[in-house]
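Results of the structural survey
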Amino acid sequence: MTRNKRKPSYHKASCEKTPNFSGQHFLHHPGTIEDIVNCAKLSREDVVIELGAGKGALTTRLVQKAGKVLAIEYDPKLVERLIRKTSSYPNISIIQQDILKFRFPKEKFVVVSNIPYAITTPIMKLLLAPASSGLEKGMIVMEKGAARRFTSASIRSDYVLYWRMFFDLQMGRTLPRGSFTPPPSVDSVVLVVKRRTTPIIPYKHHFLFKRFAEWVMRHPDVPLNMVLKSIFTPPQIKQLRRRAELDADMSVSMLDEWKWGEIFLTMIQVVPKPFWPKPSRHSRKKR
């Protein structure tokens, strides 16, 4: 039986100038690529999004494993290369678009990507939006320093705290610098992302928790007691400390996501709404 091979679909975005992202290091080592794809445990039921498909070394393995692949790449020359390289695969759509302008689908999808290091945090902020994204899991190659910040026991960023209410983030294997061209000057790792089966807080509260996280992380080194007394009454603090086993003298950054989830849920149960943290001016402008 002869397989009907058709060209992959191709979507071209606007013709604005291609962003000059620094920190692009293309994966080329077959063994490293194979390990990443195998660890993703893809099936023919999966829709996979690759952000920054580049020269297509990872793309050509993804199309062999997944049901459908959306390969996002902005550079027109690389897009042409991707089209040629994947011409025999009918299950790929190549989208020429700035990664930061890509709208993630609400339907379930998986991300397997070697992203540009220079825009790691902006990409992650777009990707880990639980109310608007169907992300189920991800294998994302990034600079080791960024992965450490995202997975550290010490949480110092409101967006990291927000992400970890809904996703489990773990630092995976370190990748040899020789797996890339050009080789990066920093260590690289795979960040493993999995949507929590049961989020730490209900999804219906995610906007409110985002405001809460922005407020409590304004000064991550202040003692927890200073934050608590701005929201809770002394009797409520005493009860909360006992129930959640909190050390009020520790700094804000030393609490894990589970403790913050408990503090937040207690707040919405016992604290009147007028005393909840107010959105910052920046948040109000964005909304």
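The rules we used
- Residues numbered from 1 in each chain as written.
- Predicted model: local features only at pLDDT ≥ 70, side-chain atom pairs only at ≥ 80, totals over all residues.
- Heavy atoms only, no water.
- Helix = DSSP H or I, 4+ residues; strand = E, 2+ residues; numbered from the N terminus.
- Buried < 20%, exposed > 50% of the residue type's maximum accessible area, 1.4 Å probe, protein only.
- Contact = heavy atoms within 4.5 Å.
- Areas by Shrake-Rupley, 256 points an atom, 1.4 Å probe, with all protein chains shown as cover.
- Axes fitted to C-alpha atoms, helices over the stretch in contact; angles between N-to-C directions.
- Left-handed = near helix turned anticlockwise from the far one by under 90°.
- Nonpolar A, V, L, I, M, F, W, Y, C, P; charged D, E, K, R; others polar.
- 1 Å grid on protein atoms, 1.4 Å probe; cavity = no way out; pocket = protein on both sides within 12 Å on 5 of 7 lines; lining within 4 Å.
- Points joined across faces, edges and corners; volume = space filled by probe spheres on them.
- Lys, Arg positive; Asp, Glu negative; His and termini not counted.
- Salt bridge = Lys/Arg side-chain N within 4 Å of Asp/Glu carboxyl O.
- Phe/Tyr/Trp six-rings, centres within 6.5 Å; stacked < 30°, edge-to-face > 60°.
- Core = buried A, V, L, I, M, F, W, Y, C linked by side-chain atoms within 4.5 Å.

1. Looking at the overall build of the protein chain
Within the protein chain, the regular secondary structure consists of 11 helices and 10 strands. By the burial criterion, 49% of the 287 residues in the protein chain qualify as buried. Across the protein chain, every contact between residues at least 6 apart in sequence was considered, and the portion connecting residues at least 24 apart equals 71%. Split by element, the accessible area of the protein chain, about 14,900 Å² in all, is 52% carbon and sulfur.

2. A few points about the packing of helix α6 (residues 158-166) against helix α7 (residues 206-216)
Two quantities define a packed helix pair, namely the angle between the axes and the distance from one axis to the other. Between α6 and α7, the shortest axis-to-axis distance is 8 Å and the interhelical angle comes to 145°. For α6 against α7, the interelement crossing comes out right-handed. Within the contact between the two elements, α6 uses Asp158, Leu161, Tyr162, Met165 and Phe166 and α7 uses His206, Phe209, Lys210, Ala213, Glu214 and Val216. Its residues assigned to classes, the contact of α6 with α7 comprises 7 nonpolar, 1 polar and 3 charged.

3. Some points on empty space enclosed by the protein
Enumeration according to the criterion identifies 1 cavity of 30 Å³ or more in this entry. For the largest cavity, the calculated volume is near 160 Å³. Along the walls of the largest cavity sit 17 residues, with His25, Phe26, Leu27, Gly52 and Asn114 positioned nearest its centre. Counted by class, the lining of the largest cavity contains 8 nonpolar, 7 polar and 2 charged residues.

4. Points about the side chain of Lys144
Position of Lys144 relative to the elements: it lies in helix α5 (residues 144-151). Despite its burial, Lys144 pairs with no opposite charge, the nearest such side chain being Asp187 at 4.7 Å. In this view, Lys144 contacts Met171, Thr174, Asp187, Ser188 and Val189; residues no more than four positions away in its chain are not counted.

5. Here's the deal with the packing of aromatic side chains
Inspection of every chain in the model, using the stated rule, returns 10 aromatic pairs. Relative to Tyr203, the ring of Phe166 lies with its centre 5.2 Å away and its plane at 10°, an arrangement referred to as stacked. Here Phe166 is found in helix α6, whereas its partner Tyr203 is found in the loop between β10 (188-195) and α7, with 37 residues between them in sequence. Owing to a relative accessible area of 33%, Tyr203 belongs among the partly exposed residues under this scheme. Geometrically, the ring pair formed by Phe212 and Trp260 is edge-to-face, given 6.0 Å between the ring centres and 75° between the ring planes. Of this pair, Phe212 sits in helix α7 while Trp260 sits in helix α10 (residues 257-270), and the two are 48 residues apart along the sequence.

6. Let's talk about the nonpolar core
The biggest cluster of nonpolar side chains holds 60 residues, and the ones touching the most others in it are Trp260 and Ile263. Excluding residues within four positions of it along the chain, Trp260 makes contact with Leu161, Phe209, Phe212, Val216, Met217, Leu224, Val252 and Leu255. Judged by nonpolar contacts, the second largest core, of 28 residues, contains Ile92, Ile94, Val110 and Leu175.

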